Amino acid sequence: MKEAIKMTRHLTLSPEAIAKIKPQLTDHTRILLSYDDGVGPYSHHGLVALQVSFQLVLINDSQPYDDYDEEIETNLQPMYIKSYSGRFLSDQMTLKLQPKYQTMVLADEGGEIDQNVEIVSERN
């Protein structure tokens, strides 16, 4: 498997978002910040009404992730994206828990990118 491209993108997760994600992680979990466009084995829906939709896809570190060729630094652990999905992302992003609905919001300095980032396990 080829090495992911390291870019300068950084995602800061709020303590509340980390608390929601961390119980679902093991020592062998890889996190994909997956643009849900129907491309690849972990994207099942594709574009829904042309909305930008991201998911945190959890896979085992032994599962393939060839489509996810760019690494993003985070304050939890590295995450991987499909490099072409970077057109929706900036260099500095945040992932915060919206307390009322317990949803996670992906945002940057320009505003919200996705108001409902779900956690999806695709571990086998």
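Higher on the page you've got the structure.
Our subject in this report is the structure included herewith.

The rules behind each value
Residues numbered from 1 in each chain as written. Predicted model: local features only at pLDDT ≥ 70, side-chain atom pairs only at ≥ 80, totals over all residues. Heavy atoms only, no water. Helix = DSSP H or I, 4+ residues; strand = E, 2+ residues; numbered from the N terminus. Buried < 20%, exposed > 50% of the residue type's maximum accessible area, 1.4 Å probe, protein only. Core = buried A, V, L, I, M, F, W, Y, C linked by side-chain atoms within 4.5 Å. Contact = heavy atoms within 4.5 Å.

### Quick notes on the environment of Tyr-101
Move 1: Structurally, the position occupied by Tyr-101 is in the loop between strand E6 (92-98) and strand E7 (103-108).
Move 2: Taking the relative accessible area as the measure of exposure, Tyr-101 reaches 56% and is therefore exposed.
Move 3: Tyr-101 sits 15 residues away from Asn-116 along the chain, and the two C-alpha atoms are 9.6 Å apart.

### Some remarks on unusual backbone geometry
Move 1: Phi at Gln-102 is positive, roughly 55°, even though this residue is not glycine.
Move 2: For Gln-102, a relative accessible area of 42% puts it in the partly exposed group.

### With respect to the nonpolar core
Move 1: One finds Ile-21, Leu-56, Leu-89, Leu-95, Met-104 and Leu-106 to be the most contacted residues of the largest nonpolar core, which totals 24 residues.
Move 2: Among the elements of the structure, strand E1 (5-13), helix H1 (15-21), strand E2 (29-35), strand E3 (54-60), strand E5 (79-81), E6, E7 and strand E8 (111-121) are those that each provide at least two residues to this core.
Move 3: The contacts of Leu-56, once residues within four sequence positions are left out, are Ile-21, Ile-31, Leu-32, Leu-33, Met-79, Leu-95, Met-104, Val-117, Glu-118, Ile-119 and Val-120.
Move 4: Counting residues in hydrophobic clusters, the runner-up holds seven residues, among them Leu-32, Tyr-42, Tyr-65 and Tyr-80.

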